[in-house]
Structures are given as C-alpha cells and as structure tokens.
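Structural overview
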Amino acid sequence: MITIHGMQDSGNCYKPRLLMALLDRPFRHQEVSARDGSTRTPEFLRRNPSGQCPLLDLGDGRLLPESNAILVYLAEGTPFLADDPFERAQTLRWMFFEQNAHEVSIAVRRSLRVYPERAAAATGERMALTLENGTRALGVMETHLTTAPFFGGPRASVADIALYPYTASAPEGGFDLAPFPAVQSWLARIEALPGFRSRDWLPEG
Ligand SMILES: N[C@@H](CCC(=O)N[C@@H](CS)C(=O)NCC(=O)O)C(=O)O
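Computed from a predicted structure; not experimentally measured.

Turning our eyes to something else, we now look at the environment of His144. Assignment of secondary structure puts His144 in helix H5 (residues 124–145). With sequence-adjacent residues up to four places away left out, His144 is seen in contact with Trp94, Phe150 and Phe151.

This is how it looks when you write it as structure tokens:
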C-alpha cells in the first residue's frame, strides 16, 4: 500500500492526496510536520535528505520526494498525464511554472501570513514582492484560461492538480481573486471533477 508522508494543511502535500482521490486509489496518509520536528529526524532525513514533505513511500523500499514528481509518477497511464509528447511537455511546462513562479510567491506569502512562527520573516519588502510576483503569476494563468479550459491539454491533467491547491488558498495569502474571473471558473471546474476532495480530507484508517 502506498503511503504519503505529508502535512495536512500544506498545498504541496495536498496535491498527491487530491490525485489519489480523483483516481479513487487507496493509500495511507502519515502526518509529518516541520513544526513538531518530524521532518528533521535522522530517520526522515535518511529517507529524504531535503527534510521536506510530501514524500511518497511505495512500500517496497522505493521513496520519491517532490510533489510534482510524485504527481507525474502516480498519473502515468491515467487520463491525468498525456501520452502525446507535446501535450505531456505542455503539462510539465505548467508544473515548472507552478514551482518557479507560483508556489514561490503565492504559497510563500500565505505561509508568512498563516504560520505564527514565520511572522518574523514577513518583512514589508518580502510581503510586497510576493504580492507583486504572485499577482503576476495569477495574471499569466488568467491569460491562458481565456483560451483553454485547463492547463496542459483539453482535459484536467496533473498540471491542474499542481496549480490548484495554492491558487485555491491564495486569498489566505492576501491575494484577491476578483480580478481573475477565468481563474475562478477554472477553480470551480476542478472542484466539480468526480472524486474531488478538499484540502482537509484524509483517507480513512
Ligand atoms: N518543492 C517541494 C517543496 C516541498 C515543501 O516546501 N514542503 C514543505 C511543506 S509545504 C515542508 O516540507 N516544509 C518542512 C521543512 O522544510 O522543514 C515540493 O513541491 O514537494
């Protein structure tokens, strides 16, 4: 049985959980957290030297960190990852965008606002820069979504699953989604997918 080691309220950790729910596949969730030190134990660092979650444990000794790598692995052979090389590359393009331009501003600004232990790092300069960069990333998404219903292809793909969590929680980071109506419609399309679960959902058992 697959185990996903993750923090329940982390968007990066929500991504593989959401894909497994959409695929209706069984898995276990193992809670780990930067706040209780469980991502810094020698045992966890042996399994993932970056000390970060999510961490996919295939149960046969194989381990895979990095949320978007986990999505690509789990989606192989499913409608969430195209076989066509160009469509697959478009999917990866948006997943790289998510890590390079979106997560680093939108998720970071949310964490600076939401987690008290990060308050000291929430300088005025940093808050202004993440707001500017995150708003620009939302604008790039809005432009794309005025011509296409999803990222990476004509149907929902792992690019959409990579982009969904921190876009949905962007208001927690102080981002106003009102100027981005196409992004709001896309969020609603993802939430209407069969099997969709919200971030607070965990598998039973
Ligand atoms: N690029 C990584 C980022 C992972 C990441 O930042 N994880 C955070 C939770 S959202 C974490 O593990 N923080 C704990 C720590 O750094 O100690 C991914 O997409 O998986």
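Alright, that's what it looks like, and here's the rest.
A separate point is the pairing of strand S1 (residues 3–6). The two faces of S1 match: Thr3 and His5 on one face and Ile4 and Gly6 on the other face are all buried. Between the parallel elements S1 and strand S2 (residues 28–31), the chain passes through helix H1 (residues 11–22) in a crossover that is right-handed.

Before going further, it helps to examine empty space enclosed by the protein. Going through the model one piece at a time under the given rule, you end up with one cavity of 30 Å³ or more. Counted as a void, the largest cavity has a volume near 40 Å³. In terms of lining residues, the largest cavity is bounded by Pro79, Phe80, Leu81, Ala82, Glu87, Thr91, Gly152, Gly153, Pro154, Arg155 and Ser157. For the lining of the largest cavity, the residue count by class is five nonpolar, four polar and two charged.

Using the criterion set out here, one finds seven aromatic pairs in the structure. On the basis of an interplanar angle of 65 degrees and a centroid distance of 6.2 Å, the ring pair of Tyr14 and Tyr164 is categorised as edge-to-face. A residue pair is termed long-range when its members are at least 10 positions apart, and Tyr14 in helix H1 and Tyr164 in helix H6 (residues 158–168) qualify at 150 residues. For the pair formed by Tyr14 and Tyr164, the shared burial category is buried. Ring centres 6.0 Å apart and planes at 65 degrees place the aromatic pair Phe27 and Trp201 in the edge-to-face group.

Turning our eyes to something else, we now look at the nonpolar core. The biggest cluster of nonpolar side chains holds 47 residues, and the ones touching the most others in it are Leu19, Phe80 and Trp186. Lining this core are residues from two domains, each supplying at least three of them: domain 1 (3–75) and domain 2 (85–191). In terms of nonpolar packing, the next biggest core, distinct from the first, is built from six residues, Met7, Cys13, Val32 and Phe44 among them.

Scoring rules and cut-offs
Residues numbered from 1 in each chain as written. Predicted model: local features only at pLDDT ≥ 70, side-chain atom pairs only at ≥ 80, totals over all residues. Heavy atoms only, no water. Helix = DSSP H or I, 4+ residues; strand = E, 2+ residues; numbered from the N terminus. Contact = heavy atoms within 4.5 Å. Buried < 20%, exposed > 50% of the residue type's maximum accessible area, 1.4 Å probe, protein only. Right-handed = clockwise from strand over helix to strand, strands pointing away. 1 Å grid on protein atoms, 1.4 Å probe; cavity = no way out; pocket = protein on both sides within 12 Å on 5 of 7 lines; lining within 4 Å. Points joined across faces, edges and corners; volume = space filled by probe spheres on them. Nonpolar A, V, L, I, M, F, W, Y, C, P; charged D, E, K, R; others polar. Phe/Tyr/Trp six-rings, centres within 6.5 Å; stacked < 30°, edge-to-face > 60°. Core = buried A, V, L, I, M, F, W, Y, C linked by side-chain atoms within 4.5 Å. Domains from an automatic or database assignment.

Any functional reading would require information beyond the geometric quantities listed.
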